[in-house]
Amino acid sequence: MNPAGPQATESPLTTVTVLPDGPVEGEIRPPGSKSLTNRILLAAAGAGKKTLLTGALRSEDTTVMLDSLQQIGVIVESSDDGRTLQIDGSGLTPHYGAEPLRLYIANSGTTVRFLTAFLSALGGNYVLHGVPRMHQRPIGELLKAINQLIDGTVTAESPNGCPPVHIQSKGWKGGTVSVSGDVSSQYLSGLLLAAPLAKESVTIVVDGELVSKPYVAMTCEVLKTCGVPTVVSDDLARFEIPAGSHYDFDRYSIEPDASAASYFWAAAALTGGTVQVQGLSKDALQGDVGFVEVLEQMGCNVSDDGDSISVTGGALQGIEVDMNAISDTVQTLAIVALFASGPTTVRGVAHNRFKETDRIADLACELRKLGAEVHENEDGLIIHPLTAQQRQNFAGARLATYHDHRMAMSLALAGLKLPGVEIENPSCTAKTYPEYFADLESLIKRPHSWRSYSVNAGSSA
Ligand SMILES: O=C(O)C1=C[C@@H](OP(=O)(O)O)[C@@H](O)[C@H](O)C1
Ligand SMILES: C=C(OP(=O)(O)O)C(=O)O
């Protein structure tokens, strides 16, 4: 163990081109779940003692969470690969300085929403700020909810109701609060994760529709496993965290990231190969394992042996699918849809417009650069597959990634089918998966293959 953990490695790549190379075959274990890592880090900070986390994700999104916690007294020791962390929450200390403590949260939605709730419940003065896109991502409804519970105030710096966020708090009193969940489930998860720090019991009622439900179920499971008794209604509309609750656990083993796994399953689907993703089953805490059911509906073969899920590609047909619960996999599906027979309609993902980028409009724009006919709806897209002639005449395309890791990871898969798909700024995968291209290459590179990716160091991304 060492206190610093792994050093961030600067990728020299400005573009990457994945080249067609026949069926993708092999086994892979993606890094730890971003969603679980950031939840467990908060729980460990709140536990007030030493806890051991294994299988953690070390990436930009978890580093900004870790760095923030360290600035309020949490001590972190890391294995060299960053995947085993010892977290000592005994030094957790609210910051009550004359000047607020400024915490940088990059473009991590989980970090800004969970920390805003957690720090306001802990007490102190803070400013949470990030990259320009983070300052366009909504948080106003969470602030409104926190202001019903807090002894103090939380405010957005600008009238758009987005970060930077200012917190001035003497902690949460507790009580009953309503929160809207139609833009992001992270508001509700943030309130739930912070509730054990409140002086009195906290009751949370969801106002209207709730998107991304499996993430809320995940939060409830984390609370339970980490010692916090929570009463949850079956429809995930009402939650009660009793007074006197506190985090209490010794160790936690984090599942591999299921959203990251979607790219490897899609690689098998696209190429007619078989990819086994280790460490996940359909019983995983992450709803995104449900992506394999979407692939199954399209014609793939899926098998779950309890500790791994394998996908084998077959003849792909287009489908109609509501992806509200698994919205981080829409971009992955979009690439598969280009090579199916018949159009694919994705519905229920209006919330995808508020993520790292507008994942409906910007996705449609990049798919069109590949030649696809795409119809954009308010809450999704209709994607028409490429015709045989379009594929034959394809002369290459350079695709933008909008600083969105999932844009880079998914669009690159088109290169498995079409020669000359260039991906700009591939190092944006560092948000959740710094080693993505190396891992993808390990699956597609076979002894007699030609290059699986090329580096154009001189181009401007
Ligand atoms: O709670 C979480 O860990 C997450 C919830 C989802 O966000 P929304 O609830 O905003 O859809 C998801 O897109 C994000 O990557 C992680
Ligand atoms: C939407 C995502 O992240 P976040 O909201 O946590 O920034 C994501 O990882 O796809």
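Residues numbered from 1 in each chain as written. Chains lettered and ligands numbered in written order. Predicted model: local features only at pLDDT ≥ 70, side-chain atom pairs only at ≥ 80, totals over all residues. Heavy atoms only, no water.

K.L.:
Please explain the overall build of the protein as it appears in this structure.
P.N.:
The helix and strand tally for the protein stands at 13 helices and 24 strands. What you see for the protein is a C-alpha radius of gyration of 22 Å, in line with the 23 Å of a compact globule of 461 residues. With respect to the principal axes defined by its C-alpha atoms, the protein has extents near 65 × 45 × 45 Å. Counting across all 461 residues of the protein, residues that qualify as buried make up 58%. For the protein, the share of sequence-separated contacts (at least 6 apart) that also reach a separation of at least 24 residues comes to 75%. If you sum the accessible surface of the protein, you get close to 16,900 Å²; carbon and sulfur atoms cover 49% of it. (Helix = DSSP H or I, 4+ residues; strand = E, 2+ residues; numbered from the N terminus. Rg over C-alpha atoms; globule rule 2.2 N^0.38 Å. Buried < 20%, exposed > 50% of the residue type's maximum accessible area, 1.4 Å probe, protein only. Contact = heavy atoms within 4.5 Å. Areas by Shrake-Rupley, 256 points an atom, 1.4 Å probe, with all protein chains shown as cover.)

K.L.:
Please clarify how the sheet that holds strand β12 (residues 231-232) should be interpreted in this entry.
P.N.:
With respect to topology, 4 strands assemble into an open sheet ordered β10-β11-β13-β12, the strand pairing being mixed. A single partner strand is all that each edge strand has here, and the edge strands are β10 (175-181) and β12. As paired elements, β12 and strand β13 (residues 238-241) share 2 bridges and run antiparallel to each other. Across the sheet, Val232 pairs through a bridge with Phe239, a residue of β13. Packed onto the sheet, helix α5 (residues 186-194) meets β10, β11 (202-210) and β13 and runs at close to 170° relative to β11. (Pairing = 2+ DSSP bridges. Axes fitted to C-alpha atoms, helices over the stretch in contact; angles between N-to-C directions.)

K.L.:
Would you mind showing me how to read the UniProt feature "active site" (unreviewed entry) in the protein here?
P.N.:
The UniProt entry lists Asp328 under the feature "active site" (unreviewed entry), expressed in the numbering used here. For Asp328, the location among the structural elements is in the loop between β18 (320-322) and α9 (330-337). Once you skip the residues sitting within four places of it in the chain, Asp328 turns out to touch Tyr215, Ser259, Tyr263, Asp288, Lys355, Arg359 and Arg406. (UniProt positions renumbered as here; feature names shortened; annotations may be inferred.)

K.L.:
I'm lost on the layout of surface pockets in this one. Help?
P.N.:
A water-sized probe, rolled over the atoms, reveals where empty space remains. If you add up the space inside the second largest pocket, you get close to 250 Å³. Residue lining of the second largest pocket: 14 residues in total, with Glu60, Asn107, Val131, His403 and Cys428 positioned closest to the centre. Of the residues assigned to the lining of the second largest pocket, the class counts are 6 nonpolar, 4 polar and 4 charged. When residues of the lining of the second largest pocket are assigned to domains, at least three fall in each of domain 1 (10-31 + 257-456) and domain 2 (34-241). (1 Å grid on protein atoms, 1.4 Å probe; cavity = no way out; pocket = protein on both sides within 12 Å on 5 of 7 lines; lining within 4 Å. Points joined across faces, edges and corners; volume = space filled by probe spheres on them. Nonpolar A, V, L, I, M, F, W, Y, C, P; charged D, E, K, R; others polar. Domains from an automatic or database assignment.)

K.L.:
Quick question: what am I supposed to make of the pairing of strand β3 (residues 50-54) here?
P.N.:
For a regular strand, side chains alternate in direction, first toward one face of the sheet and then toward the other. Covered by surrounding structure in β3 are Thr51 and Leu53 only, the residues Lys50, Leu52 and Thr54 on the alternate face being uncovered. Where β3 lies against strand β14 (residues 251-253), 3 bridges are found, and the strand directions are parallel. Pairing of Leu52 across the sheet is with Arg251, part of β14.

K.L.:
Quick question: what am I supposed to make of the site of ligand 1 here?
P.N.:
What surrounds ligand 1 is a group of 13 residues, the closest being Ser35, Ser185, Ser212, Asp328 and Lys355. Between Ser35 and ligand 1, the recorded distance is 2.6 Å, taken from a side-chain N or O atom to an oxygen atom. Between ligand 1 and the protein, one listed contact pairs an oxygen atom with a side-chain N or O atom of Ser185 at 2.5 Å. At a threshold of 2 Å from the grid points, most atoms of ligand 1 map onto the largest cavity. Counting residues per element, the ones that place at least two in the shell around ligand 1 are α1 (34-46) and α3 (109-122). Looking at the shell around ligand 1, the element that brings in the most residues is α1, giving 3 residues. Formed jointly, the shell around ligand 1 draws a minimum of three residues from each of two domains, domain 1 (10-31 + 257-456) and domain 2 (34-241). (Near = heavy atom within 4 Å. Polar contact = N/O pair within 3.5 Å; in protein donor to acceptor, adjacent residues only side chain to side chain. Sits in = over half its atoms within 2 Å of the grid points.)

K.L.:
Looking at this structure, I do not really get the pattern of salt bridges. What am I missing?
P.N.:
Under the counting rule described, the total for this entry stands at 19 salt bridges. Of the charged contacts, one joins Arg359 and Glu356 as a salt bridge, the two residues approaching to 2.8 Å between their closest N and O atoms. In this structure, Arg359 and Glu356 share a single accessibility class: buried. (Salt bridge = Lys/Arg side-chain N within 4 Å of Asp/Glu carboxyl O.)

K.L.:
Help me understand the UniProt feature "domain: Enolpyruvate transferase" (unreviewed entry) in the protein, please; the structure alone is not making it clear to me.
P.N.:
UniProt annotation of "domain: Enolpyruvate transferase" (unreviewed entry) refers to residues 22-440 when read in the numbering used here. Between the first and last C-alpha atoms of residues 22-440 the distance is 14 Å; the span itself is 30% helix and 25% strand.

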